[in-house]
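# Observations on the model geometry
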Amino acid sequence: LRACPRHVLFATLIAAALLAAPDVFAWSDAGHLVIASIARARLSTRADPRNAAALKAAQALLAGDTDPLTRPDFVSRSLWADRWRDSDREGTRERYEATRRWHFVNAQVGGGQADDPCPVQQWPRPASAGPAEDCIVNKIGQFAAELRDPATSLVEQRLALKYLLHLVGDLHQPLHAADRQDGGGNRLATVSASSPEVSNLHAYWDRALVAKLGGDWRSLARRLERGIAPAQERAWSAGTPAQWAQESFARAVDVAYALPAGRRVVDEQGTEAVVLDAVYDERAIPVVAEQLAKAGVRLAELLRRALAARPPT
Ligand SMILES: [Zn+2]
């Protein structure tokens with residue numbers, strides 16, 4: 001394998017970059033803020049008679065929340081579940097180990113009968129108490145059920161809402177619903193053709209591709225939200241979290257893991273990095289845009305169903 005010259009200088013960094021990469025990330029903060037922002041915008045319209053009640057109920061729940069990990073508003077709380085997970089990551093790792101698997105489902109790409117990617121059949125109440133080995137599909141179902149149930153304690157309703165604001169977003173990152181024995185791309189080194197920095201495929205989807213959509217998160221959310229056609233909104237609002245996971249899985253197989261053939265750089269230890277080129281980006285960027293918009297539409301619909309018929313808190 002031959003490296004193109006401009007990458008040779010940086011190729012010794014591949015192994016180090018992979019070791020330094022965090023285990024599992026999620027959409028960058030920007031991605032989550034975009035998704036929550038689209039959801040809030042959809043709930044702020046009069047297009048659906050349930051919107052006003054659902055948004056009011058969500059905001060009433062969040063208004064009583066003094067947790068300092070994020071700002072307290074609807075959009076910022078979409079970051080809370082990552083902050084909570086990482087809050088003791090460098091210490092006791094109790095929160096980290098108890099909740100980190102809730103952010104993804106490792107469905108295996110490429111045959112090889114994998115274990116059931118979501119093995120947990122029963123869940124305790126409250127859902128925020130565990131179990132640690134559960135996956136994102138189950139957790140979304142559990143937290144949505146808790147939010148619908150007026151018998152759920154106020155504290156748990158608030159947690160359920162914060163988890164939903166985040167997890168519906170994570171489920172739409174294709175590499176949160178697929179794995180090729182590489183931690184959903186976390187251990188697959190990549191170099192962008194436009195930048196020499198060594199990264200990994202998962203981080204490329206979390207951050208780099210969102211950044212390539214352009215603008216700050218507010219303007220990106222507005223742009224994506226305006227582009228949602230009524231027919232798309234209706235189609236996207238259907239389905240279950242398990243179906244959304246299958247859709248993300250298909251995008252991972254068809255696009256995220258469809259790596260450019262033959263373009264690799266290799267460091268002195270023989271560790272390879274895939275060079276992601278403009279052709280790859282051209283296919284990936286529209287998928288990222290659509291997944292962000294879809295996640296926003298689905299988050300809004302899920303909150304409508306869970307919150308619109310609630311008695312006032
Ligand atoms: Zn996450």
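These numbers come from a predicted model, not from an experiment. (Residues numbered from 1 in each chain as written. Predicted model: local features only at pLDDT ≥ 70, side-chain atom pairs only at ≥ 80, totals over all residues. Heavy atoms only, no water.)

## Description of the coordination of the zinc ion
To be explicit about the condition: Coordinating donors are taken as N, O and S atoms within 2.8 Å of the metal, stretched to 3.2 Å for Na, K and Ca; because water is absent from the atoms, sites can appear incomplete. Helix numbers and strand numbers start at the N terminus; a helix is a DSSP run of H or I with at least 4 residues, a strand a run of E with at least 2. Exposure is judged per residue with a 1.4 Å probe applied to protein chains only, and the accessible area is read against the type maximum: over 50% gives exposed, under 20% gives buried, and values in between give partly exposed.
The protein atoms that coordinate the zinc ion are Asp82 (OD), His103 (ND1), His166 (NE2) and Asp170 (OD), at distances of 2.1 to 2.4 Å. We note that the donor set of the zinc ion lies within a single chain, spaced as D-x20-H-x62-H-x3-D. Taken together, the residues span a long stretch of sequence, with Asp82 in helix H5 (residues 80-86) and Asp170 in helix H8 (residues 154-171) at a distance of 88 residues. Residue class for Asp82 comes out buried when judged on its relative accessible area of 5%.

## What about the layout of surface pockets?
Where we set the bar: A cavity, in this analysis, means grid points on a 1 Å lattice covering only the protein atoms where a 1.4 Å probe fits yet has no way out; a pocket is instead an open set bounded by protein on both sides within 12 Å along at least five of seven lines, and a residue lines either one if it has an atom within 4 Å of a point. Grid points are joined across faces, edges and corners, and a volume is the space filled by probe spheres set on the points. Each residue gets one label: Ala, Val, Leu, Ile, Met, Phe, Trp, Tyr, Cys and Pro are nonpolar, Asp, Glu, Lys and Arg are charged, and the others, such as Gly, are polar.
Roughly 260 Å³ of volume is contained in the largest pocket. Surrounding the largest pocket, 14 residues form its lining, Val105, Pro117, Cys118, Val137 and Ala245 being those nearest its centre. Counting residues per element, the ones that place at least two in the lining of the largest pocket are helix H7 (136-148) and helix H12 (241-256). Counting residues per element, the lining of the largest pocket draws most heavily on H12, at three residues. Here the lining of the largest pocket is built from residues that sort into nine nonpolar, four polar and one charged.

## Comments concerning the packing of helix H3 (residues 29-43) against helix H13 (residues 278-307)
For the record, the criterion: Axis geometry follows a simple rule: fit a line to the C-alpha atoms, using only the stretch in contact for helices, then measure angles between N-to-C directions, giving values from 0 to 180 degrees. An angle below 35 degrees is treated as roughly parallel, one above 145 as roughly antiparallel, one from 65 to 115 as roughly perpendicular, and anything else as oblique. Whether a crossing is left-handed or right-handed is set by the direction in which the near helix is turned from the far one by less than a right angle, anticlockwise for left-handed and clockwise for right-handed. Two residues form a contact once any of their heavy atoms are found within 4.5 Å.
Direction vectors running N to C along H3 and H13 enclose 50°, while the axes themselves pass 8 Å from each other. Taken together, the axes of H3 and H13 are oblique relative to one another. For the pair H3 and H13, the crossing hand works out as right-handed. Judged by residue contacts, Gly31, Val34, Ile35, Ala36, Ile38, Ala39, Arg42 and Leu43 of H3 engage Leu292, Ala293, Ala295, Gly296, Val297, Leu299, Ala300, Leu303 and Arg304 from H13.

## With respect to the confidence of the model for the protein chain
Close reading of the predicted structure is inappropriate where its pLDDT is low. For the record, the criterion: What pLDDT conveys is the predictor's confidence in a given residue, as a value from 0 to 100.
The predicted model of the protein chain has a mean per-residue pLDDT of 88, with 89% of residues at 70 or higher. Counted against residues more than four places away or in other chains, residues 1-9, with its pLDDT under 50, gives 15 contacts.

## A few points about the packing of aromatic side chains
Test applied: For this analysis, a ring pair means two rings from Phe, Tyr or Trp (six-membered ring only for Trp) whose centres lie within 6.5 Å, classed as stacked if their planes differ by under 30 degrees, edge-to-face if by over 60, and tilted for the remaining angles. Here, over-ring charges are defined by two tests on the NZ atom of lysine or the CZ atom of arginine: distance to the ring centre within 6 Å, and angle to the ring normal within 35 degrees.
On inspection of all chains with the given rule, the structure shows six aromatic pairs. Seen in terms of ring centroids, Phe143 and Tyr163 are 4.7 Å apart; in terms of plane orientation they differ by 5°. Their pairing is stacked. Of this pair, Phe143 sits in helix H7 while Tyr163 is found in helix H8, placing the two residues 20 residues apart along the sequence. Exposure remark for Tyr163: the relative accessible area of 2% places this residue in the buried category. The ring of Trp102 carries the charged tip of Lys139 above its face, separated from the ring centre by 4.1 Å. One cation-aromatic arrangement involves Lys162 over Trp80; the distance from NZ or CZ to the ring centre is 4.3 Å.

## Thoughts on the state of the cysteines
We apply this condition: In this description, a disulfide is simply a cysteine sulfur pair whose atoms lie within 2.5 Å.
Summed over the entire model, instances satisfying the criterion amount to one disulfide. With its sulfur 1.6 Å from that of its partner, Cys118 forms a disulfide with Cys135. Given an S-S torsion of about -55°, the disulfide between Cys118 and Cys135 has left-handed geometry. Taken together, the residues Cys118 in the loop between helix H6 (94-99) and H7 and Cys135 in the loop between H6 and H7 connect sequence positions 17 residues apart. For Cys118, a relative accessible area of 15% corresponds to the buried category.

## Quick word on the pattern of salt bridges
Rules: In the sections that follow, a salt bridge refers to a side-chain nitrogen of Lys or Arg positioned within 4 Å of a carboxyl oxygen of Asp or Glu.
Scanning all chains against the criterion turns up 24 salt bridges. We note a salt bridge from Glu233 to Arg304, for which the minimum N-O separation is 4.0 Å. Of this pair, Glu233 sits in helix H11 (residues 230-237) while Arg304 sits in helix H13, and the two are 71 residues apart along the sequence. Just as Glu233 is buried, Arg304 falls in that class too.

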